[in-house]
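Chain by chain, the residues:
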Amino acid sequence: MLPRVALIKGSREHETVYKALDLLGNLKDVVAEAPRVLIKVNFISVKTYETGVTTDPLVVEAIIHRVKEFTDEVYVVESDASMTNADKACKATGMLKVCNNNQVKFLNLRKEKDRVKLKIPYAETLKEITVPKIVVDSVIVNAAKLKTHNEAGVSLGMKNMFGLLPTKLKFQYHLRNISKVIVDINTVLKSRLTVIDGFYALEGPGPTNGTPVKMDLIIAGKDPVATDAIGCRVMGINPEEIYHIRRAHEKGLGEIDASKIELVGNRLEDVTRKFRRT
């Protein structure tokens, strides 16, 4: 069966997100029998969603509504970045209000003391990573952004998984080749569902200093590589040119070939826009 990716153009409202999720089929298999669901957001900055930099709280709220049909134990998670405090970003972006309104807790993963080491088979650059135990014991739903990135090429679902590392000093991983680091992380930490927030995207020298682009899009899929590959194509970027996406496909982590991805919703050619990358 081909991996399915939903591509939906619509106004910024819950229904647009619901439509994308519903096209993927029953989400019960995503939640399965896991004890909890972690919704991983992108808080690389305290900038709000319309800048194209951070995850839109409305998108996360729609995900919460759908996930809560199957489990009540849902958390929104992020960790501190080199220049950003995740707790401050949660409040500044409006995400904390969404969490409170939906009886969902926000977890700053840097503060989680119970941690485990994961050895990475056939590693690109990291032999092992240390992550909070709750990450390993939970289902991960990836609530990413549609962005270009000055080092990795793009910042979509797979890049967003980088934020599951609890250390604040993330620059050290950039020195190890961030694209290879992304592959290693996604080898041992797998999201069950990726939702790319493209209501407002970002072009130029991202992930924080680019220019917002109002795309009115939601991209969603259960195959993280296929979902990112479609995200690339929406931005007019060949996913084969993005190291971490191509390499993840080569390592069997997901599909990159457009002919082997079932695209549902809008046609790619109707929503594609050539993104400036510098």
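See above for the structure.
Caption draft 1: Fine view of the packing of helix α9 (residues 178–188) against helix α11 (residues 243–250). One can describe the packing of α9 onto α11 by two numbers: an axis separation of 8 Å at closest approach and a directional angle of 35°. For the element pair α9 and α11, the recorded crossing hand is right-handed. Contacts from Ser-179, Lys-180, Ile-182 and Val-183 in α9 reach Tyr-243, His-244 and Arg-247 in α11. Looking at the contact of α9 with α11 residue by residue, the class counts come to three nonpolar, two polar and two charged.

Caption draft 2: Focus on a nonpolar patch on the surface. Side chains of Leu-169, Phe-171 and Leu-175 sit close together on the surface and give an oily, nonpolar patch of about 350 Å² of accessible area. By the secondary structure assignment, Phe-171 is in helix α8 (residues 171–174).

Caption draft 3: Broad picture of the environment of Thr-187. As for its placement among the helices and strands, Thr-187 is situated in helix α9. Along the sequence, Thr-187 and Lys-119 sit 68 residues apart, while their C-alpha atoms lie 9.9 Å from each other. In contact with Thr-187, not counting residues within four places along its chain, are Ile-120, Pro-121 and Leu-253. A distance of 2.7 Å separates a polar side-chain atom of Thr-187 from the backbone oxygen of Val-183.

Rules of the game
Residues numbered from 1 in each chain as written. Predicted model: local features only at pLDDT ≥ 70, side-chain atom pairs only at ≥ 80, totals over all residues. Heavy atoms only, no water. Axes fitted to C-alpha atoms, helices over the stretch in contact; angles between N-to-C directions. Helix = DSSP H or I, 4+ residues; strand = E, 2+ residues; numbered from the N terminus. Left-handed = near helix turned anticlockwise from the far one by under 90°. Contact = heavy atoms within 4.5 Å. Nonpolar A, V, L, I, M, F, W, Y, C, P; charged D, E, K, R; others polar. Patch = residues over 30% accessible without salt bridge, like charges linked within 9 Å, V, L, I, M, F, W, Y side chains within 5 Å. Areas by Shrake-Rupley, 256 points an atom, 1.4 Å probe, with all protein chains shown as cover. Salt bridge = Lys/Arg side-chain N within 4 Å of Asp/Glu carboxyl O. Polar contact = N/O pair within 3.5 Å; in protein donor to acceptor, adjacent residues only side chain to side chain.

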